[in-house]
Amino acid sequence: MQTLATDRVIIVGAGLGALYAALKLAPHPVVMISPEVLGEGASSAWAQGGVAAAMDAADSPDSHAADTVKAGAGTVNPAVADLVTREARDYILDLTTMGTPFDRTEDGGYVLSREAAHSFARVVRVKGDQAGAEIMAALIAQVRDTPSIQVLEGTMARDLHMTDGRVTGVVIQAADEGRSGPVLLSGSAVLLAGGGSGGLYALTTNPPRIRGQVIGMAARAGALIADAEFVQFHPTAMDVGEDPAPLATEALRGEGAILINKHGERFMQAIHPDAELAPRDIVARAIHAEVQAGNRPMLDTRAVLGEAIKEQFPAVAEYCARNGIDPAVDPIPVAPAAHYHMGGIATDTQGCATLEGLWVCGEASSTGLHGANRLASNGLLEALVYARICAEGITATLTGGTDAAPLEIAFPDGGTPPAPEAVQTLRQTMTQHVGVVRDRTGLTRALATIAALEADHGDSPSFLNMCATATLIAAGALLREESRGAHERSDFPETAEGPGERSRMYLADALAVRAQAVKELS
Ligand code: SIN
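All figures in this text were calculated on a predicted structure; none of them were measured in a lab.

Basis of the calculations
Residues numbered from 1 in each chain as written. Predicted model: local features only at pLDDT ≥ 70, side-chain atom pairs only at ≥ 80, totals over all residues. Heavy atoms only, no water. Helix = DSSP H or I, 4+ residues; strand = E, 2+ residues; numbered from the N terminus. Rg over C-alpha atoms; globule rule 2.2 N^0.38 Å. Buried < 20%, exposed > 50% of the residue type's maximum accessible area, 1.4 Å probe, protein only. Contact = heavy atoms within 4.5 Å. Areas by Shrake-Rupley, 256 points an atom, 1.4 Å probe, with all protein chains shown as cover. Pairing = 2+ DSSP bridges. Axes fitted to C-alpha atoms, helices over the stretch in contact; angles between N-to-C directions. Expected span 1.5 Å × (residues − 1). Core = buried A, V, L, I, M, F, W, Y, C linked by side-chain atoms within 4.5 Å. Salt bridge = Lys/Arg side-chain N within 4 Å of Asp/Glu carboxyl O. UniProt positions renumbered as here; feature names shortened; annotations may be inferred. 1 Å grid on protein atoms, 1.4 Å probe; cavity = no way out; pocket = protein on both sides within 12 Å on 5 of 7 lines; lining within 4 Å. Points joined across faces, edges and corners; volume = space filled by probe spheres on them. Nonpolar A, V, L, I, M, F, W, Y, C, P; charged D, E, K, R; others polar. Near = heavy atom within 4 Å. Polar contact = N/O pair within 3.5 Å; in protein donor to acceptor, adjacent residues only side chain to side chain. Phe/Tyr/Trp six-rings, centres within 6.5 Å; stacked < 30°, edge-to-face > 60°. Lys NZ or Arg CZ within 6 Å of the ring centre and 35° of its normal.

**Student:** Can you tell me about the overall build of the protein chain, naming the residues and giving the values?
**Tutor:** A count of helices and strands for the protein chain gives 17 helices and 20 strands. Against the 2.2 N^0.38 benchmark of 24 Å for 522 residues, the protein chain shows a C-alpha radius of gyration of 22 Å, consistent with a compact globule. The C-alpha extent of the protein chain, read off along each of the three principal axes, is 65 × 60 × 45 Å. The proportion of buried residues among the 522 residues of the protein chain is 60%. Pairs at least 24 apart in sequence give 73% of the contacts found in the protein chain among residues at least 6 apart. Split by element, the accessible area of the protein chain, about 18,800 Å² in all, is 50% carbon and sulfur.

**Student:** Lay out the pairing of strand 10 (residues 183-186) in plain terms, naming residues and giving numbers.
**Tutor:** By the bridge criterion, four bridges tie strand 1 (residues 2-5) to strand 10 in an arrangement that is parallel. Following the sheet pairing, glutamine 2 is matched in strand 10 by valine 183. Relative to strand 10, strand 9 (residues 166-174) runs antiparallel, the two sharing four bridges. Its bridge partner being in strand 10, glycine 169 is matched across the sheet by serine 186.

**Student:** Break down the sheet that holds strand 3 (residues 30-34) for me, citing the residues and quoting the values.
**Tutor:** Overall, parallel pairing links the five strands, which are arranged 7-3-2-11-18 in an open sheet. Here the strands that pair on one side only, and so sit at the sheet edges, are strand 7 (149-153) and strand 18 (358-360). Averaged over all neighbouring strand pairs, the angle between strand axes comes to 20°, with direction disregarded. Note that strand 11 (residues 189-192) and strand 18 share three bridges and pair parallel. Among the inter-strand pairings, leucine 191 is bridged to a residue of strand 18, identified as tryptophan 359.

**Student:** Explain helix 16 (residues 461-479) residue by residue, including any values.
**Tutor:** Taking 1.5 Å as the rise per residue, helix 16 with 19 residues should run 27 Å; its terminal C-alpha atoms sit 27 Å apart, in good agreement. For helix 16, the buried fraction is high: 18 of the 19 residues fall into the buried class.

**Student:** Explain the nonpolar core residue by residue, including any values.
**Tutor:** The nonpolar side chains of a soluble globular protein tend to be buried, and buried together. Residues Val12, Leu160, Leu192, Tyr201, Ile345 and Leu358 are the most contacted members of the largest nonpolar core, which totals 64 residues. Here leucine 192 is in contact with Val12, Leu160, Val214, Met217, Ala218, Ile345, Leu358, Trp359, Val360 and Cys361, once residues within four sequence places are set aside. Among the nonpolar cores identified, the runner-up in size contains 59 residues, and Ala14, Tyr20, Leu23 and Ala53 belong to it.

**Student:** Let's hear about the pattern of salt bridges: which residues, and what values?
**Tutor:** Overall, the coordinates contain 33 salt bridges when judged by the stated rule. In this structure, the salt-bridge partner of aspartate 103 is arginine 125, at a minimum N-O distance of 3.0 Å. One end of the pair, aspartate 103, is in the loop between helix 5 (88-97) and strand 5 (112-113); the other, arginine 125, is in the loop between strand 6 (123-124) and helix 6 (131-144), with 22 residues separating them in the sequence. Both residues of the pair, aspartate 103 and arginine 125, count as buried. We note a salt bridge from arginine 296 to aspartate 239, for which the minimum N-O separation is 3.8 Å. Placement of arginine 296 in the loop between helix 9 (280-292) and strand 15 (298-300) and of aspartate 239 in the loop between strand 13 (231-238) and helix 8 (251-254) is noted, with a sequence separation of 57 residues between them. One connected set of salt bridges, linked through shared partners, spans Glu229, Arg480, Glu482 and Arg484.

**Student:** Residue-level account of the UniProt feature "domain: FAD-dependent oxidoreductase 2 FAD-binding" (unreviewed entry) in the protein chain, with values.
**Tutor:** Annotation from UniProt places "domain: FAD-dependent oxidoreductase 2 FAD-binding" (unreviewed entry) at residues 9-380. Taken end to end, residues 9-380 is 28% helix and 22% strand, and its first and last C-alpha atoms sit 22 Å apart.

**Student:** Just give me the short version of empty space enclosed by the protein, but keep the residues and values in it.
**Tutor:** Per the counting criterion, the structure on display carries three cavities of 30 Å³ or more. A volume near 50 Å³ is recorded for the largest cavity. Every residue along the wall of the largest cavity is listed here: Gln232, Phe233, Arg280, Asp281, Ala284, Arg285, Val436 and Ala486. Counting only elements with at least two residues in the lining of the largest cavity, the list comes to strand 13 and helix 9. In terms of residues, the lining of the largest cavity owes the most to one element, helix 9, which gives four residues. Considering only residue class, the lining of the largest cavity consists of four nonpolar, one polar and three charged.

**Student:** Can you explain the site of the ligand? Please cite residues and give values.
**Tutor:** As a structural note, the neighbourhood of the ligand is formed by Gln48, Gly49, Glu115, His234, Leu247, Thr249, Glu250, Arg280, His339, Arg374, Ala376 and Ser377. Separating an oxygen atom of the ligand from a side-chain N or O atom of arginine 280 is a distance of 2.9 Å. At 2.6 Å from an oxygen atom of the ligand is found a side-chain nitrogen or oxygen belonging to arginine 374. Compared with its free state, where it exposes 260 Å², the ligand has 94% of that area covered by protein. Classifying every residue of the shell around the ligand gives two nonpolar, six polar and four charged.

**Student:** Can you lay out the packing of aromatic side chains for me, pointing to particular residues and giving the numbers?
**Tutor:** On inspection of all chains with the given rule, the structure shows three aromatic pairs. Note on tyrosine 20 and tyrosine 91: the rings are 6.1 Å apart at their centroids and 50° apart in plane angle, and the pair reads as tilted. You can see tyrosine 20 sitting in helix 1 (residues 16-25) and its partner tyrosine 91 sitting in helix 5, a full 71 residues away along the chain. Tyrosine 91 shares its class with tyrosine 20; the two are buried. The interplanar angle of 85° and the centroid separation of 5.5 Å between the aromatic rings of tyrosine 201 and phenylalanine 233 together place this pair among those described as edge-to-face. Here tyrosine 201 is found in the loop between strand 11 and helix 7 (213-220), whereas its partner phenylalanine 233 is found in strand 13, with 32 residues between them in sequence. For tyrosine 201, a relative accessible area of 1% corresponds to the buried category. Seen from the ring of tyrosine 110, arginine 104 lies directly overhead, with NZ or CZ sitting 3.9 Å from the centre.

**Student:** So what about the sheet that holds strand 5? Which residues, and what values?
**Tutor:** In spatial order, the strands read 4-6-5; together these three strands make up an open sheet with antiparallel pairing. In this open sheet, the two strands that pair with only one neighbour each are strand 4 (51-52) and strand 5. Note: strand 4 against strand 6, two bridges, orientation antiparallel. Across the sheet, residue valine 51 finds its bridge partner in strand 6, namely valine 124.

**Student:** Give me the lowdown on helix 6, citing residues and values where you can.
**Tutor:** Helical geometry note: an α-helix holds 3.6 residues per turn, so side chains three or four residues apart project in the same direction. Here helix 6 spans 20 Å end to end across 14 residues, near enough to the 20 Å set by a 1.5 Å rise per residue. In this structure, the buried side of helix 6 is in contact with helix 1, helix 2 (43-46), strand 4, helix 5, strand 7 and helix 13 (378-397).

Next comes the structure, spelled out in structure tokens:
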């Protein structure tokens, strides 16, 4: 395989964590592996709600941390919740300095949205539902202006490279997988910041390329994975037949939008005292039950926003318009969709994975912040905090100077892209059997299907990465014989007593669970 050595830090991914880390590493030279043009294809750019931070004088980081711990259903690491929430305000101020046009009040304060399970309105927003896109635009402008950062657009990572038990590089290829063989890039350090796993599900709010490849790549190299079974389903993805499903932000419910079914019944009031603002897992399950019962759940913004939704929530309004829905007149059909992976590559408080030389930040990591149910708008915050921690940790290891020649890569011919029908089968299997409500029979079937798909299509490294993550999620879900947060087992409906335990698994453990499932079904 062609090998290129560089003095640059290699960052896999191009979302918020990747961009922020690259900026914080400056002037140390960095190369970013970005499958798309910057800003396209990253989950961060699709985030509608915003960044959670205690900005109001009457609010506090302690209250934010307590809400985070409570939402996480017994599996949040309180020290991590404290670490992340304590400095949230500083990150908002930093993003503001970098040019993010947060919504401001007349007296110069920040306009704050309320989202589910927050005891305070504390989500800093941009034009209602544009936070992700605008934060990304501001950071991309900074990255384009920073000479130490080289962005390799149109490239993707497929394997980690190890030397003497240490991560020393990344195997990359052109993002158009049918057109390129691999190139090994060895660098001064490796940071994975390449998103989560939502696209492993047929119903998802994540961009199409976000299919667990980064987690799978690290797992295949031997990294420890934590909380793999904890996948968050956003309650109000728009049920309009689009793949991915457009999101109707939770901030709409924060404004007072209600959930009704086709009979006009407001069903959340009977389920939780906080009704539509109950924790996300509870709302997702209630909507799932309405879907299963054929009751067509809908988000009704008419009374609270009327025509104003078009100006106040332009992204949602545009999604509605392109699907022939006028939200001022008609409620918006919704269904739960895979949205955020709480689990991922296990990291310590320094952002280090269990493999020496590997740092991870953002959704691909599992820091212990989210537990079994992420508090809304904590995802972007965590990405920022750990991007900076990782950048500082990496900087401390760098011995070279700040000069590095730009990389020029000519990929060889070759490459085996994942077979589209295999990917679709995998995604449908995950939604059907590893979705909002799970049980032993379905999870066993899912594992057997993943094994068969992998056996038939294992010549595509990218597909192997997807199958690795899917296996970890399904095996973790099978082993967790309780219901907790977003992980609901119909055959184990109770939450186990005592403090919740985080799960930790190597891919080898998950493959053993999978082999057992195959045996049971043969
Ligand atoms: C939303 O706007 O509802 C999504 C926010 C999040 O997932 O953090």
